Amino acid sequence: QVQLVESGGGLVQAGGSLRLSCAASGGTFSYYGMGWFRQAPGKERELVARIDTGGSTYYADSVKGRFTISRDNAKNTVYLQMNSLKPEDTAVYYCAARRQDKTYYAHWGQGTQVTVSS
């Protein structure tokens, strides 16, 4: 069973930066596509960025050019570098894993809070 643990959230002023980390255990990390999702109060969970097993990436339009997703297979870790943060980026951020032969994310972390003050 894959387990995911996020870290790196916190409170930051608008325009600042944070780097989220998600450490995976219990599976062969390189076999999994990884995604970062977020959920703001009263809103649905949304995909922020994803990176597949080959390193290809996707970003939501709202974060394109500001956020960067990366992975280190040797450390079983995926990162989300967030720059030029805006108050609307405030949310709980979740890491998720999807086996490369699946179309859905079956494994989720517990989430980490990111709060951006104006």
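It should be emphasised that the depicted structure is a prediction, and the values quoted were computed from it without experimental measurement.

### Structural notes on the packing of aromatic side chains
On inspection of all chains with the given rule, the structure shows 3 aromatic pairs. Relative to Trp-108, the ring of Phe-37 lies with its centre 4.8 Å away and its plane at 55°, an arrangement referred to as tilted. Residue Phe-37 is found in strand 4 (residues 32-39), and its partner Trp-108 is found in strand 10 (residues 107-108); the two are separated by 71 residues along the sequence. When its relative accessible area of 10% is taken as the criterion, Phe-37 is described as buried. Three or more aromatic residues link up through ring pairs in this structure, and these residues are Phe-37, Tyr-105 and Trp-108. The ring of Trp-108 has Arg-45 lying over it, and the distance from NZ or CZ to the ring centre is 4.7 Å. Sitting over the ring of Tyr-58, Arg-50 keeps its end group 4.6 Å from the ring centre.

### Thoughts on empty space enclosed by the protein
Under the definition given, this model contains 1 cavity of 30 Å³ or more. For the largest cavity, the calculated volume is near 50 Å³. In this structure, the largest cavity is lined by Val-2, Leu-4, Ala-24, Ser-25, Gly-27, Thr-28, Phe-29, Tyr-32, Met-34, Asn-76 and Ala-97. Listed by contribution, the elements that provide at least two residues to the lining of the largest cavity are strand 3 (18-25) and strand 4. Of the residues assigned to the lining of the largest cavity, the class counts are 7 nonpolar, 4 polar and no charged.

### What about the sheet that holds strand 3?
The 4 strands are arranged 1-3-8-7 in an open sheet whose pairing can be described as antiparallel. Strands at the two margins of the open sheet, each flanked by one partner only, are strand 1 (3-7) and strand 7 (67-72). When the angles between neighbouring strand axes are averaged without regard to direction, this sheet yields 15°. Taken together, the 6 bridges between strand 3 and strand 8 (residues 77-82) define a ladder with antiparallel strand orientation. By the bridge assignment for strand 8, Leu-20 is matched with Leu-80.

### Here we look at the side chain of Arg-98
You can see Arg-98 is positioned in strand 9 (residues 91-99). Comment: no salt bridge for buried Arg-98; closest opposite-charge side chain is Asp-52, at 6.4 Å. A distance of 2.7 Å separates a polar side-chain atom of Arg-98 from the backbone oxygen of Lys-102. In contact with Arg-98, other than residues within four places in its own chain, are Tyr-31, Tyr-32, Gly-33, Thr-103, Tyr-104 and Tyr-105.

Thresholds applied
- Residues numbered from 1 in each chain as written.
- Predicted model: local features only at pLDDT ≥ 70, side-chain atom pairs only at ≥ 80, totals over all residues.
- Heavy atoms only, no water.
- Phe/Tyr/Trp six-rings, centres within 6.5 Å; stacked < 30°, edge-to-face > 60°.
- Helix = DSSP H or I, 4+ residues; strand = E, 2+ residues; numbered from the N terminus.
- Buried < 20%, exposed > 50% of the residue type's maximum accessible area, 1.4 Å probe, protein only.
- Lys NZ or Arg CZ within 6 Å of the ring centre and 35° of its normal.
- 1 Å grid on protein atoms, 1.4 Å probe; cavity = no way out; pocket = protein on both sides within 12 Å on 5 of 7 lines; lining within 4 Å.
- Points joined across faces, edges and corners; volume = space filled by probe spheres on them.
- Nonpolar A, V, L, I, M, F, W, Y, C, P; charged D, E, K, R; others polar.
- Pairing = 2+ DSSP bridges.
- Axes fitted to C-alpha atoms, helices over the stretch in contact; angles between N-to-C directions.
- Lys, Arg positive; Asp, Glu negative; His and termini not counted.
- Salt bridge = Lys/Arg side-chain N within 4 Å of Asp/Glu carboxyl O.
- Polar contact = N/O pair within 3.5 Å; in protein donor to acceptor, adjacent residues only side chain to side chain.
- Contact = heavy atoms within 4.5 Å.

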